[in-house]
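Working through the structure, step by step
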Amino acid sequence: QVQLVESGGGVVQAGGSLRLSCAASGLTLRTNGMGWFRQAPGKERDFVAGIRWSGGSTYYADSAKGRFTISRDNARTTVYLQMNSLQPEDTAVYYCAAGRGLYTTATGYDYWGQGTQVTVSS
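Read on for an overview of the structure. (Residues numbered from 1 in each chain as written. Predicted model: local features only at pLDDT ≥ 70, side-chain atom pairs only at ≥ 80, totals over all residues. Heavy atoms only, no water.)

Now for the side chain of Asp 90. Along the chain, Asp 90 falls in the loop between strand E8 (78-83) and strand E9 (92-99). Of the residues examined, Asp 90 reaches a relative accessible area of 0% and is grouped as buried. A polar contact is formed between the side chain of Asp 90 and the side chain of Arg 38, at a distance of 2.9 Å. At a separation of 2.8 Å, a polar atom in the side chain of Asp 90 contacts the side chain of Arg 67. Asp 90 has contacts with Arg 38, Arg 67, Phe 68, Ser 85, Val 118 and Val 120, leaving out every residue within four places of it along the chain. (Helix = DSSP H or I, 4+ residues; strand = E, 2+ residues; numbered from the N terminus. Buried < 20%, exposed > 50% of the residue type's maximum accessible area, 1.4 Å probe, protein only. Polar contact = N/O pair within 3.5 Å; in protein donor to acceptor, adjacent residues only side chain to side chain. Contact = heavy atoms within 4.5 Å.)

And the structure:
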């Protein structure tokens, strides 16, 4: 019943920007944490940014701090990831996740979207 649907991925040149969206449905009050993760082939799925529906507290990985911004809409149905100053090393499949709290590891989240591909060319 829980669904997370990512959109907004694509191909962008280095230095460019993309905004990812995660449309969430079927979540309960127990699910207060939302996160963005990314994974390249053969690599571990790494935390990028997280936010709480209630209160809006945010947390960023060092690689994202200063370049990426996570946010949520007023209706609490969509989470965004604004990515600026993109570099080739940002190339990965980006996943939206939902869990009980804000965690920096994949095991802290219960639900996942299908992912959206982000490719940054040099």
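Each strand in a sheet pairs with its neighbour through backbone hydrogen bonds, running either in the same direction (parallel) or in the opposite one (antiparallel). Across the sheet, four strands lie side by side as E1-E3-E8-E7; this open sheet has antiparallel pairing. A single partner strand is all that each edge strand has here, and the edge strands are strand E1 (3-7) and strand E7 (68-72). The sheet shows a mean angle of 15° between the axes of neighbouring strands, direction not considered. Two elements, strand E3 (residues 18-25) and E8, share six bridges in a ladder whose sense is antiparallel. From the neighbouring strand, Arg 19 faces E8, where its bridge partner is Gln 82. (Pairing = 2+ DSSP bridges. Axes fitted to C-alpha atoms, helices over the stretch in contact; angles between N-to-C directions.)

One way to say it: the disulfide is the covalent bond shared by the sulfur atoms of two cysteines. If you walk through the whole model with that rule in mind, you get one disulfide. Residue pairing for Cys 22: its cysteine sulfur links by disulfide to Cys 96, the two sulfurs lying 2.0 Å apart. Between Cys 22 and Cys 96 the disulfide shows an S-S torsion of about -75°. By sign, it is left-handed. Separated by 74 residues along the polypeptide, Cys 22 in strand E3 and Cys 96 in strand E9 bring together distant segments of the chain. Neither residue differs from the other here; Cys 22 and Cys 96 are each classed as buried. (Disulfide = S-S within 2.5 Å.)

With that settled, the discussion passes to the side chain of Ser 21. Positionally, Ser 21 belongs in strand E3. Each residue touching Ser 21, except ones within four places of it in the same chain, is listed here: Val 5, Glu 6, Ser 7, Trp 36, Thr 78, Val 79 and Tyr 80.

Residues Met 34, Trp 36, Leu 81, Met 83 and Tyr 94 are the most contacted members of the largest nonpolar core, which totals 26 residues. Contributing elements (two or more residues each) for this core: E3, strand E4 (33-39), strand E5 (46-52), E7, E8, E9 and strand E11 (116-121). With sequence-adjacent residues up to four places away left out, Met 83 is seen in contact with Gly 16, Ser 17, Leu 18, Leu 20, Arg 67, Phe 68, Tyr 94 and Val 118. One finds Phe 37, Ala 61, Leu 102 and Tyr 109 within the second-largest nonpolar core, a separate group that totals six residues. (Core = buried A, V, L, I, M, F, W, Y, C linked by side-chain atoms within 4.5 Å.)

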